[in-house]
Amino acid sequence: MSHWYDKSGTPCYEVKGKNGMKPTTLREARKFGWVPSVSTVWSEVVVKPMLTKWIQGELMEAMWSETFSAHNIGATGGYELYEKKARDKFNQKQQFVMNRGTTIHDHLEKFLSGEKNQVPSEYIGLCESVVHKLKEVTGMDQWVVEKPFAHPLGYGGKVDLHNDDWVVDFKTKEFKEKPNVKKMVYDDNGVQLAAYAQGLKPASENKPENSINGRKLLNLFIDVGDLHSGTLVLEWEHENVERFRQMFNHALSLWQLIKKYNPQWNIM
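Student: Pulling in residues and values, what's your account of the sheet that holds strand S5 (residues 144–151)?
Tutor: Strand order across the open sheet formed by five strands is S5-S6-S7-S8-S9, with mixed pairing between neighbours. Looking along the sheet, the strands with just one partner apiece sit at the ends: S5 and strand S9 (233–237). The sheet shows a mean angle of 35° between the axes of neighbouring strands, direction not considered. As defined by bridge partners, strand S8 (residues 216–223) adjoins S9 across five bridges and the pair is classed as antiparallel. The residue of S9 that forms the bridge with Leu220 is Glu235. Helix H5 (residues 121–138) contacts strand S6 (155–162), strand S7 (166–173), S8 and S9 of the sheet and is inclined by roughly 150° relative to S8.

Right, dumping it as structure tokens:
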């Protein structure tokens, strides 16, 4: 589902339809002058190798597991029923992973906003592990949580976490044995953070190396395989950040040409 923002940065994910609220589409965005999210731009014009590899793997695994029950399908079902069962299983797993990520992001938002009493007990350890890692890596404990924005180049987004020195994005994964964080990181992660850092107002005149608008880019990868055994959190600070910003801006220009829609504006 595409995400959209008005020019003040307010999320406009849904609009009123004939039968109630429905997801916003490009048609409504054109009508109201809304801008696409970072993820909408990138996912609609750039192949995402990490996501594609995961989808293919999950689909093949689902289809393979269904072969064990293929003999139960019989002549009346054939391949069509087999394919449907496999795709249904894959879709269920995909939806589970997406919902899990959303749930954890929601609990982290509450925890980091000072609403710890609103976080279920089984997620407290995970949230504490994330806060500990943030302090360890950045030395800071003051953050702005889930900040939406819109940028005059014609895009918007919502940032997991930021302050004057960092932009942070959370990624939830089921870690394998002896995880190697370097193998978890793809250009997509750096591009997303670079677009966020560009979209936020400049923090200060100070511009450290490998920063955008004065902010460095940090991913935190959170193990969600077993919440009860303690949560491992791995960090990755991105380098060559200007390359990532240019990648996104070129993708944004391409998206606007493909969609024949350019919602840029001049704030001067």
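Student: Break down helix H6 (residues 187–199) for me, citing the residues and quoting the values.
Tutor: End to end, H6 covers 18 Å across 13 residues, agreeing with the expected 18 Å (1.5 Å per residue, within 8%). Burial analysis of H6 places 12 of its 13 residues in the buried class, the great majority of the element. For H6, the full list of buried residues reads Asp188, Asn189, Gly190, Val191, Gln192, Leu193, Ala194, Ala195, Tyr196, Ala197, Gln198 and Gly199.

Student: I'd like a rundown of the layout of surface pockets, residues and numbers included.
Tutor: Counted as a void, the second largest pocket has a volume near 320 Å³. Together, 19 residues line the second largest pocket, and Phe149, Ala150, Gly199, Leu200 and Lys201 are the ones closest to its centre. For the lining of the second largest pocket, the per-class residue count stands at eight nonpolar, seven polar and four charged.

Student: So what about the pattern of salt bridges? Which residues, and what values?
Tutor: What the rule picks out here adds up to 10 salt bridges. Residue Lys22 is joined to Glu28 by a salt bridge in which the shortest nitrogen-to-oxygen separation is 3.1 Å. On the basis of relative accessibility, which here comes to 30%, the residue Lys22 falls in the partly exposed class. The closest approach of N and O atoms between Lys259 and Glu44, which form a salt bridge, is 3.3 Å. A residue pair is termed long-range when its members are at least 10 positions apart, and Lys259 in helix H7 (residues 241–259) and Glu44 in helix H2 (residues 38–45) qualify at 215 residues. Judged by relative accessible area, which is 35%, Glu44 ranks as partly exposed.

Here is what the cut-offs are and how they apply
- Residues numbered from 1 in each chain as written.
- Predicted model: local features only at pLDDT ≥ 70, side-chain atom pairs only at ≥ 80, totals over all residues.
- Heavy atoms only, no water.
- Pairing = 2+ DSSP bridges.
- Helix = DSSP H or I, 4+ residues; strand = E, 2+ residues; numbered from the N terminus.
- Axes fitted to C-alpha atoms, helices over the stretch in contact; angles between N-to-C directions.
- Contact = heavy atoms within 4.5 Å.
- Expected span 1.5 Å × (residues − 1).
- Buried < 20%, exposed > 50% of the residue type's maximum accessible area, 1.4 Å probe, protein only.
- 1 Å grid on protein atoms, 1.4 Å probe; cavity = no way out; pocket = protein on both sides within 12 Å on 5 of 7 lines; lining within 4 Å.
- Points joined across faces, edges and corners; volume = space filled by probe spheres on them.
- Nonpolar A, V, L, I, M, F, W, Y, C, P; charged D, E, K, R; others polar.
- Salt bridge = Lys/Arg side-chain N within 4 Å of Asp/Glu carboxyl O.

Taken by themselves, the reported measurements are silent on function.
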